[in-house]
Amino acid sequence: MPFTLQPAIGENFIDREEIVREMVATLTSKNILMGFALVGNRRMGKSSIFREVYSILSEEKRIVPVYFSLWSLLERTVEEFSRSLTFSILEAYKKRLSLKYRLKDLIKVPAQELFDFLRKIDVRIKILEKLEISLSEKGSGKDIPHLLNETFLLPERLAEDTGARCVILLDEFPSVIELTAQNGRMVGEAVIRKIRTIQESYRRTTICISGSIKKTMEMTALSSSSPFYRQFIVKNILPFERDSVRLLLEKNLGVKLSREAIDTALNLTNGIPFYLQFIGRGLIRYKKKNINPKTMKEVFQELLKEEGNLLFSEEFNSLGSRERRVLFEMANNSLSRLNEIARASGESLNVLGRYLEYLMKKGVIVRESRGSYRFVDPVFEAWIKQSVWP
Ligand SMILES: Nc1ncnc2c1ncn2[C@@H]1O[C@H](COP(=O)(O)OP(=O)(O)OP(=O)(O)O)[C@@H](O)[C@H]1O
Ligand SMILES: [Mg+2]
(Lines give C-alpha, C1' and ligand atoms only; values in the text may rest on other atoms or scores of the structure.)
(Ligands and ions follow the chains in the order given, each with its own letter.)
Protein backbone atom coordinates (compact mmCIF):
# COMPACT_ATOMS: atom_id res chain seq x y z
CA MET A 1 0.00 0.00 0.00
CA PRO A 2 1.59 3.31 -0.99
CA PHE A 3 1.97 6.31 1.28
CA THR A 4 0.70 9.43 -0.41
CA LEU A 5 0.89 13.16 0.05
CA GLN A 6 -2.15 13.71 -2.16
CA PRO A 7 -5.67 13.64 -0.69
CA ALA A 8 -6.20 10.03 0.35
CA ILE A 9 -8.84 8.18 -1.61
CA GLY A 10 -10.17 4.64 -1.90
CA GLU A 11 -8.03 2.12 -0.09
CA ASN A 12 -5.66 4.78 1.15
CA PHE A 13 -8.42 6.54 3.01
CA ILE A 14 -8.68 5.39 6.62
CA ASP A 15 -10.62 6.36 9.72
CA ARG A 16 -13.19 9.19 9.56
CA GLU A 17 -15.98 6.59 9.30
CA GLU A 18 -18.32 8.53 11.50
CA ILE A 19 -18.22 11.80 9.64
CA VAL A 20 -18.32 10.13 6.24
CA ARG A 21 -21.32 8.07 7.29
CA GLU A 22 -23.14 11.10 8.64
CA MET A 23 -22.39 13.20 5.59
CA VAL A 24 -23.52 10.52 3.16
CA ALA A 25 -26.69 9.79 5.16
CA THR A 26 -27.62 13.47 5.39
CA LEU A 27 -26.73 14.38 1.84
CA THR A 28 -28.71 11.49 0.39
CA SER A 29 -31.73 12.03 2.61
CA LYS A 30 -34.71 13.42 0.74
CA ASN A 31 -35.89 15.59 3.58
CA ILE A 32 -32.72 17.41 4.57
CA LEU A 33 -31.14 20.13 2.51
CA MET A 34 -28.53 21.13 5.02
CA GLY A 35 -24.90 20.95 3.96
CA PHE A 36 -21.72 20.54 6.00
CA ALA A 37 -18.89 22.90 6.85
CA LEU A 38 -15.59 21.14 7.52
CA VAL A 39 -13.25 23.20 9.65
CA GLY A 40 -9.77 21.91 10.36
CA ASN A 41 -6.17 22.97 10.30
CA ARG A 42 -4.01 22.52 7.26
CA ARG A 43 -3.13 18.95 6.22
CA MET A 44 -5.72 17.42 8.52
CA GLY A 45 -7.60 15.60 5.76
CA LYS A 46 -10.52 17.83 4.77
CA SER A 47 -10.04 17.38 1.05
CA SER A 48 -9.71 13.64 1.57
CA ILE A 49 -13.06 13.55 3.34
CA PHE A 50 -14.66 15.56 0.53
CA ARG A 51 -13.12 13.19 -2.04
CA GLU A 52 -14.31 10.13 -0.17
CA VAL A 53 -17.85 11.48 0.19
CA TYR A 54 -17.76 12.50 -3.46
CA SER A 55 -16.79 9.02 -4.50
CA ILE A 56 -19.53 7.37 -2.42
CA LEU A 57 -22.16 9.82 -3.68
CA SER A 58 -21.06 9.17 -7.27
CA GLU A 59 -22.39 5.65 -6.87
CA GLU A 60 -25.84 6.89 -5.86
CA LYS A 61 -28.31 6.92 -8.69
CA ARG A 62 -30.17 10.05 -7.68
CA ILE A 63 -27.22 12.17 -6.63
CA VAL A 64 -24.91 14.28 -8.73
CA PRO A 65 -21.89 15.33 -6.67
CA VAL A 66 -19.61 18.17 -7.77
CA TYR A 67 -16.19 18.73 -6.21
CA PHE A 68 -14.63 22.14 -6.70
CA SER A 69 -11.60 23.67 -5.02
CA LEU A 70 -11.29 27.44 -4.93
CA TRP A 71 -7.53 26.88 -5.04
CA SER A 72 -7.83 25.57 -8.58
CA LEU A 73 -8.41 29.14 -9.75
CA LEU A 74 -5.49 31.02 -11.24
CA GLU A 75 -6.70 34.58 -11.68
CA ARG A 76 -9.22 34.46 -8.86
CA THR A 77 -11.72 36.62 -10.68
CA VAL A 78 -15.46 36.05 -10.33
CA GLU A 79 -15.58 35.41 -14.07
CA GLU A 80 -13.05 32.61 -13.79
CA PHE A 81 -14.83 31.19 -10.74
CA SER A 82 -18.19 31.17 -12.51
CA ARG A 83 -16.77 29.69 -15.63
CA SER A 84 -14.77 26.93 -13.92
CA LEU A 85 -17.58 25.99 -11.58
CA THR A 86 -20.04 25.92 -14.48
CA PHE A 87 -17.75 23.48 -16.25
CA SER A 88 -17.41 21.30 -13.19
CA ILE A 89 -21.19 21.20 -12.86
CA LEU A 90 -21.65 20.32 -16.52
CA GLU A 91 -18.92 17.71 -16.25
CA ALA A 92 -20.76 16.17 -13.30
CA TYR A 93 -24.04 16.04 -15.21
CA LYS A 94 -22.33 14.90 -18.37
CA LYS A 95 -23.62 11.35 -18.30
CA ARG A 96 -27.18 12.38 -17.62
CA LEU A 97 -27.04 14.98 -20.35
CA SER A 98 -25.18 12.68 -22.72
CA LEU A 99 -22.40 15.14 -23.24
CA LYS A 100 -19.83 13.27 -25.23
CA TYR A 101 -16.85 15.50 -24.70
CA ARG A 102 -14.45 16.29 -21.94
CA LEU A 103 -15.73 19.68 -21.03
CA LYS A 104 -12.75 20.54 -18.91
CA ASP A 105 -10.58 20.55 -22.02
CA LEU A 106 -12.68 23.41 -23.28
CA ILE A 107 -12.12 25.61 -20.32
CA LYS A 108 -9.54 27.78 -22.04
CA VAL A 109 -11.37 28.02 -25.34
CA PRO A 110 -12.58 31.56 -26.12
CA ALA A 111 -16.18 32.09 -25.13
CA GLN A 112 -17.60 32.34 -28.62
CA GLU A 113 -16.11 29.06 -29.81
CA LEU A 114 -17.40 27.46 -26.68
CA PHE A 115 -20.98 28.49 -27.34
CA ASP A 116 -20.75 27.29 -30.90
CA PHE A 117 -19.59 23.99 -29.53
CA LEU A 118 -22.20 23.79 -26.82
CA ARG A 119 -24.90 24.53 -29.35
CA LYS A 120 -23.88 21.51 -31.36
CA ILE A 121 -24.06 19.03 -28.56
CA ASP A 122 -26.96 17.50 -26.86
CA VAL A 123 -27.65 19.71 -23.87
CA ARG A 124 -31.25 20.55 -23.26
CA ILE A 125 -31.94 23.70 -25.14
CA LYS A 126 -33.51 25.84 -22.46
CA ILE A 127 -30.64 25.33 -20.12
CA LEU A 128 -28.15 25.92 -22.86
CA GLU A 129 -29.60 29.29 -23.68
CA LYS A 130 -29.33 30.41 -20.09
CA LEU A 131 -25.81 29.09 -19.94
CA GLU A 132 -24.93 30.97 -23.05
CA ILE A 133 -25.97 34.22 -21.50
CA SER A 134 -24.04 33.49 -18.36
CA LEU A 135 -20.86 32.60 -20.15
CA SER A 136 -20.97 35.12 -22.94
CA GLU A 137 -18.30 37.74 -22.81
CA LYS A 138 -20.84 40.49 -22.93
CA GLY A 139 -22.67 39.16 -19.95
CA SER A 140 -19.63 38.40 -17.86
CA GLY A 141 -17.50 41.00 -16.18
CA LYS A 142 -20.22 43.58 -16.29
CA ASP A 143 -22.91 41.96 -14.27
CA ILE A 144 -21.52 39.84 -11.49
CA PRO A 145 -24.85 39.08 -9.76
CA HIS A 146 -26.22 37.83 -13.03
CA LEU A 147 -23.18 35.67 -13.64
CA LEU A 148 -23.44 34.11 -10.19
CA ASN A 149 -27.14 33.60 -10.60
CA GLU A 150 -26.67 31.60 -13.75
CA THR A 151 -23.81 29.57 -12.31
CA PHE A 152 -25.43 28.72 -9.00
CA LEU A 153 -28.89 28.12 -10.45
CA LEU A 154 -27.49 25.75 -13.06
CA PRO A 155 -27.16 22.72 -10.74
CA GLU A 156 -30.69 23.30 -9.46
CA ARG A 157 -32.15 23.56 -12.96
CA LEU A 158 -30.29 20.50 -14.13
CA ALA A 159 -31.41 18.63 -11.02
CA GLU A 160 -35.04 19.45 -11.76
CA ASP A 161 -34.61 18.54 -15.36
CA THR A 162 -32.98 15.18 -14.70
CA GLY A 163 -34.85 14.26 -11.54
CA ALA A 164 -31.63 14.24 -9.53
CA ARG A 165 -30.21 16.01 -6.51
CA CYS A 166 -26.97 17.90 -6.62
CA VAL A 167 -24.33 18.16 -3.90
CA ILE A 168 -21.66 20.81 -4.42
CA LEU A 169 -18.49 20.38 -2.36
CA LEU A 170 -16.64 23.70 -2.29
CA ASP A 171 -13.13 23.11 -0.97
CA GLU A 172 -11.11 26.07 0.40
CA PHE A 173 -14.30 28.10 0.50
CA PRO A 174 -12.89 31.14 2.41
CA SER A 175 -10.89 32.03 -0.70
CA VAL A 176 -14.17 33.29 -2.12
CA ILE A 177 -13.48 36.40 -0.09
CA GLU A 178 -10.43 37.12 -2.29
CA LEU A 179 -12.35 37.05 -5.56
CA THR A 180 -12.07 40.18 -7.66
CA ALA A 181 -13.97 41.70 -10.55
CA GLN A 182 -12.05 42.02 -13.79
CA ASN A 183 -11.06 45.56 -12.90
CA GLY A 184 -9.38 44.26 -9.74
CA ARG A 185 -12.08 45.38 -7.33
CA MET A 186 -12.55 43.04 -4.35
CA VAL A 187 -16.06 41.63 -4.52
CA GLY A 188 -15.82 38.60 -2.24
CA GLU A 189 -18.34 39.75 0.32
CA ALA A 190 -20.95 40.51 -2.31
CA VAL A 191 -20.31 37.10 -3.87
CA ILE A 192 -20.91 35.38 -0.56
CA ARG A 193 -24.17 37.26 -0.01
CA LYS A 194 -25.30 36.39 -3.51
CA ILE A 195 -24.54 32.69 -3.13
CA ARG A 196 -26.47 32.67 0.12
CA THR A 197 -29.49 34.29 -1.51
CA ILE A 198 -29.48 31.73 -4.30
CA GLN A 199 -29.01 28.91 -1.80
CA GLU A 200 -32.26 29.96 -0.15
CA SER A 201 -34.16 29.00 -3.26
CA TYR A 202 -32.60 25.53 -3.53
CA ARG A 203 -34.91 22.54 -3.38
CA ARG A 204 -32.61 19.97 -4.90
CA THR A 205 -29.12 21.32 -4.36
CA THR A 206 -26.93 21.24 -1.26
CA ILE A 207 -23.70 23.14 -0.75
CA CYS A 208 -20.92 21.88 1.52
CA ILE A 209 -17.83 23.93 2.27
CA SER A 210 -14.42 23.43 3.83
CA GLY A 211 -11.56 25.65 4.92
CA SER A 212 -8.34 25.41 6.88
CA ILE A 213 -8.11 28.72 8.65
CA LYS A 214 -10.57 28.90 11.45
CA LYS A 215 -10.66 32.68 11.48
CA THR A 216 -11.51 33.03 7.81
CA MET A 217 -14.04 30.20 7.98
CA GLU A 218 -15.68 32.05 10.82
CA MET A 219 -15.70 35.31 8.91
CA THR A 220 -17.03 33.83 5.68
CA ALA A 221 -19.45 31.22 6.90
CA LEU A 222 -19.81 30.50 10.56
CA SER A 223 -20.04 33.66 12.62
CA SER A 224 -23.29 35.39 13.41
CA SER A 225 -22.30 38.24 11.08
CA SER A 226 -21.91 35.91 8.08
CA PRO A 227 -24.82 35.47 5.68
CA PHE A 228 -24.29 31.71 6.04
CA TYR A 229 -24.72 31.73 9.80
CA ARG A 230 -26.39 28.48 10.93
CA GLN A 231 -26.74 27.23 7.39
CA PHE A 232 -24.24 24.40 7.79
CA ILE A 233 -23.69 21.43 10.03
CA VAL A 234 -20.24 22.33 11.32
CA LYS A 235 -17.65 19.57 11.74
CA ASN A 236 -14.23 20.11 13.25
CA ILE A 237 -11.69 17.86 11.61
CA LEU A 238 -9.23 16.81 14.27
CA PRO A 239 -5.97 14.86 14.11
CA PHE A 240 -6.03 11.07 14.10
CA GLU A 241 -6.32 9.33 17.43
CA ARG A 242 -3.79 6.74 18.43
CA ASP A 243 -5.69 3.84 16.89
CA SER A 244 -5.84 5.45 13.49
CA VAL A 245 -2.18 6.43 13.68
CA ARG A 246 -1.42 2.76 14.21
CA LEU A 247 -3.75 1.62 11.48
CA LEU A 248 -2.35 4.00 8.88
CA LEU A 249 1.25 3.08 9.57
CA GLU A 250 0.78 -0.65 10.04
CA LYS A 251 -1.41 -1.00 7.00
CA ASN A 252 0.92 0.90 4.73
CA LEU A 253 4.15 -0.54 6.09
CA GLY A 254 2.80 -4.07 6.31
CA VAL A 255 4.28 -4.57 9.76
CA LYS A 256 3.09 -4.71 13.34
CA LEU A 257 4.51 -1.83 15.37
CA SER A 258 5.46 -1.70 19.04
CA ARG A 259 3.55 0.50 21.45
CA GLU A 260 6.60 2.76 21.79
CA ALA A 261 6.89 3.17 18.05
CA ILE A 262 3.27 4.25 17.76
CA ASP A 263 3.65 6.67 20.65
CA THR A 264 6.70 8.14 18.96
CA ALA A 265 4.82 8.61 15.70
CA LEU A 266 1.96 10.23 17.57
CA ASN A 267 4.33 12.57 19.39
CA LEU A 268 6.23 13.61 16.30
CA THR A 269 3.18 14.20 14.12
CA ASN A 270 0.50 15.10 16.63
CA GLY A 271 -1.65 12.66 14.65
CA ILE A 272 -1.84 14.97 11.63
CA PRO A 273 -2.41 12.60 8.69
CA PHE A 274 -0.11 14.43 6.30
CA TYR A 275 2.91 13.97 8.58
CA LEU A 276 2.05 10.34 9.16
CA GLN A 277 2.17 9.79 5.42
CA PHE A 278 5.39 11.77 5.42
CA ILE A 279 7.05 9.57 8.07
CA GLY A 280 5.66 6.44 6.45
CA ARG A 281 7.24 7.32 3.15
CA GLY A 282 10.63 7.60 4.83
CA LEU A 283 10.23 4.38 6.82
CA ILE A 284 9.55 2.31 3.74
CA ARG A 285 13.28 2.36 3.04
CA TYR A 286 14.00 0.49 6.27
CA LYS A 287 13.82 -3.25 6.79
CA LYS A 288 10.65 -4.11 8.65
CA LYS A 289 12.45 -5.33 11.73
CA ASN A 290 14.32 -2.03 12.01
CA ILE A 291 11.26 0.14 12.32
CA ASN A 292 11.30 1.41 15.90
CA PRO A 293 11.15 4.73 17.81
CA LYS A 294 14.76 5.53 17.00
CA THR A 295 14.43 5.03 13.25
CA MET A 296 11.21 7.00 13.31
CA LYS A 297 12.90 9.98 14.90
CA GLU A 298 15.74 9.71 12.42
CA VAL A 299 13.40 9.59 9.47
CA PHE A 300 11.43 12.51 10.79
CA GLN A 301 14.54 14.65 11.27
CA GLU A 302 15.87 13.69 7.89
CA LEU A 303 12.65 14.52 6.11
CA LEU A 304 12.29 17.76 7.99
CA LYS A 305 15.75 18.70 6.84
CA GLU A 306 15.24 17.56 3.26
CA GLU A 307 11.68 18.62 2.66
CA GLY A 308 10.88 21.07 5.43
CA ASN A 309 12.04 24.00 3.32
CA LEU A 310 9.77 22.96 0.51
CA LEU A 311 6.86 22.59 2.89
CA PHE A 312 7.28 25.66 5.01
CA SER A 313 9.67 28.27 3.69
CA GLU A 314 7.14 29.87 1.36
CA GLU A 315 4.60 30.18 4.15
CA PHE A 316 7.24 31.47 6.54
CA ASN A 317 8.67 33.99 4.10
CA SER A 318 5.28 35.34 3.18
CA LEU A 319 5.02 36.68 6.73
CA GLY A 320 6.28 40.08 7.77
CA SER A 321 9.75 40.29 9.32
CA ARG A 322 8.43 41.04 12.80
CA GLU A 323 5.90 38.24 12.60
CA ARG A 324 8.74 35.91 11.68
CA ARG A 325 10.74 37.17 14.64
CA VAL A 326 7.83 36.45 16.99
CA LEU A 327 7.46 32.91 15.66
CA PHE A 328 11.19 32.34 15.85
CA GLU A 329 11.26 33.30 19.52
CA MET A 330 8.22 31.20 20.28
CA ALA A 331 9.65 28.12 18.56
CA ASN A 332 13.22 28.44 19.68
CA ASN A 333 12.51 29.07 23.33
CA SER A 334 9.24 27.14 23.56
CA LEU A 335 7.37 30.26 24.63
CA SER A 336 3.63 30.59 24.88
CA ARG A 337 2.94 33.42 27.35
CA LEU A 338 2.37 36.91 26.00
CA ASN A 339 4.81 38.61 28.35
CA GLU A 340 7.56 36.08 27.73
CA ILE A 341 7.22 36.44 23.98
CA ALA A 342 7.23 40.22 24.31
CA ARG A 343 10.43 40.15 26.30
CA ALA A 344 12.16 37.75 23.91
CA SER A 345 11.13 39.57 20.73
CA GLY A 346 11.65 43.08 22.08
CA GLU A 347 8.11 44.20 21.22
CA SER A 348 5.79 46.12 23.50
CA LEU A 349 2.73 44.19 24.67
CA ASN A 350 0.50 46.36 22.51
CA VAL A 351 2.45 45.87 19.31
CA LEU A 352 2.96 42.17 19.99
CA GLY A 353 -0.76 41.77 20.55
CA ARG A 354 -1.34 43.12 17.07
CA TYR A 355 1.14 40.72 15.47
CA LEU A 356 -0.31 37.77 17.32
CA GLU A 357 -3.70 38.80 16.03
CA TYR A 358 -2.36 38.80 12.44
CA LEU A 359 -0.74 35.41 12.97
CA MET A 360 -4.01 33.98 14.26
CA LYS A 361 -5.87 35.34 11.23
CA LYS A 362 -3.33 33.64 9.01
CA GLY A 363 -3.91 30.37 10.86
CA VAL A 364 -0.34 30.05 12.17
CA ILE A 365 -1.08 30.25 15.88
CA VAL A 366 -4.08 29.92 18.15
CA ARG A 367 -4.90 31.46 21.49
CA GLU A 368 -5.12 28.69 24.05
CA SER A 369 -6.26 30.79 26.95
CA ARG A 370 -5.92 34.40 28.00
CA GLY A 371 -2.38 35.54 27.26
CA SER A 372 -1.26 32.11 26.06
CA TYR A 373 -0.60 31.10 22.44
CA ARG A 374 0.67 28.07 20.57
CA PHE A 375 1.50 26.94 17.07
CA VAL A 376 -1.36 25.38 15.13
CA ASP A 377 1.12 23.03 13.44
CA PRO A 378 3.78 21.53 15.72
CA VAL A 379 5.83 20.38 12.76
CA PHE A 380 6.03 23.93 11.44
CA GLU A 381 7.28 24.88 14.88
CA ALA A 382 9.88 22.10 14.80
CA TRP A 383 11.03 23.27 11.37
CA ILE A 384 11.44 26.88 12.53
CA LYS A 385 13.41 25.71 15.52
CA GLN A 386 15.68 23.59 13.37
CA SER A 387 16.08 25.63 10.22
CA VAL A 388 15.58 29.31 10.87
CA TRP A 389 18.40 31.50 12.07
CA PRO A 390 17.81 34.90 13.57
N1 LIG B 1 -8.41 9.61 6.06
C2 LIG B 1 -7.14 9.60 5.66
N3 LIG B 1 -6.46 8.44 5.54
C4 LIG B 1 -5.18 8.43 5.15
N5 LIG B 1 -4.47 9.53 4.83
C6 LIG B 1 -5.07 10.71 4.95
C7 LIG B 1 -6.44 10.80 5.36
N8 LIG B 1 -6.78 12.10 5.39
C9 LIG B 1 -5.70 12.78 4.99
N10 LIG B 1 -4.67 11.96 4.72
C11 LIG B 1 -3.35 12.38 4.23
O12 LIG B 1 -3.04 13.63 4.81
C13 LIG B 1 -2.57 14.55 3.83
C14 LIG B 1 -3.47 15.78 3.81
O15 LIG B 1 -4.77 15.41 3.37
P16 LIG B 1 -5.76 16.44 2.70
O17 LIG B 1 -5.12 17.06 1.51
O18 LIG B 1 -7.03 15.72 2.54
O19 LIG B 1 -5.88 17.50 3.88
P20 LIG B 1 -6.48 18.95 3.89
O21 LIG B 1 -7.02 19.17 5.25
O22 LIG B 1 -7.40 19.13 2.75
O23 LIG B 1 -5.17 19.80 3.69
P24 LIG B 1 -5.00 21.30 3.15
O25 LIG B 1 -5.34 22.18 4.28
O26 LIG B 1 -3.54 21.36 2.80
O27 LIG B 1 -5.90 21.46 1.99
C28 LIG B 1 -2.48 13.77 2.53
O29 LIG B 1 -1.17 13.28 2.43
C30 LIG B 1 -3.41 12.62 2.73
O31 LIG B 1 -2.97 11.50 2.02
MG1 LIG C 1 -7.38 20.46 1.20
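Residues numbered from 1 in each chain as written. Chains lettered and ligands numbered in written order. Predicted model: local features only at pLDDT ≥ 70, side-chain atom pairs only at ≥ 80, totals over all residues. Heavy atoms only, no water.

*Asks:* Can you break down unusual backbone geometry residue by residue, with the values?
*Replies:* One non-glycine residue, Arg230, adopts positive backbone phi at about 65 degrees. By secondary structure assignment, the location of Arg230 is in the loop between helix 8 (214-222) and strand 5 (232-236). The class for Arg230 is exposed, based on a relative accessible area of 63%. Backbone geometry places Ser334, a non-glycine residue, at a positive phi of 45 degrees. Mapped onto the secondary structure, Ser334 falls in the loop between helix 13 (321-332) and helix 14 (338-345). Among the residues examined, Ser334 registers a relative accessible area of 53% and is labelled exposed. (Helix = DSSP H or I, 4+ residues; strand = E, 2+ residues; numbered from the N terminus. Buried < 20%, exposed > 50% of the residue type's maximum accessible area, 1.4 Å probe, protein only.)

*Asks:* Residues and numbers for the site of ligand 1, please.
*Replies:* Ligand 1 sits among 23 residues. The nearest are Gln6, Ile14, Arg42, Lys46 and Ser48. Here an oxygen atom of ligand 1 and a side-chain polar atom of Ser48 are 2.6 Å apart. At 3.2 Å from an oxygen atom of ligand 1 is found a main-chain nitrogen or oxygen belonging to Phe274. Within the complex, the protein chains bury 95% of what would otherwise be the 620 Å² of accessible surface of ligand 1. Those elements giving two or more residues to the shell around ligand 1 turn out to be helix 2 (46-58) and helix 11 (273-283). Viewed by domain, the shell around ligand 1 spans two of them, domain 1 (10-236) and domain 2 (242-311), each represented by three or more residues. (Near = heavy atom within 4 Å. Polar contact = N/O pair within 3.5 Å; in protein donor to acceptor, adjacent residues only side chain to side chain. Areas by Shrake-Rupley, 256 points an atom, 1.4 Å probe, with all protein chains shown as cover. Domains from an automatic or database assignment.)

*Asks:* Can you tell me about the confidence of the model for the chain, naming the residues and giving the values?
*Replies:* Averaged over every residue, the pLDDT of the chain is 87; the share at 70 or more is 88%. Mean pLDDT per element in the chain: helix 5 (residues 125-135) is the minimum at 52, and strand 2 (residues 63-69) is the maximum at 98. Under a pLDDT of 50 for its full length, residues 137-141 has, in the predicted model, eight contacts with residues more than four places off or in other chains. (pLDDT = per-residue confidence, 0-100. Contact = heavy atoms within 4.5 Å.)

*Asks:* Account for helix 9 (residues 242-253), with residues named and values stated.
*Replies:* For helix 9, spanning 12 residues, the distance from its first C-alpha to its last is 16 Å, which sits close to the expected 16 Å at 1.5 Å a residue. Along helix 9, the residues classified as buried are Ser244, Val245, Leu248, Leu249, Glu250, Asn252 and Leu253. Against helix 10 (259-269), helix 11 and helix 12 (293-317) lie the buried residues of helix 9. Trailing helix 9 by a residue or two, Gly254 shows a phi angle of about 65 degrees, which is positive. (Expected span 1.5 Å × (residues − 1).)

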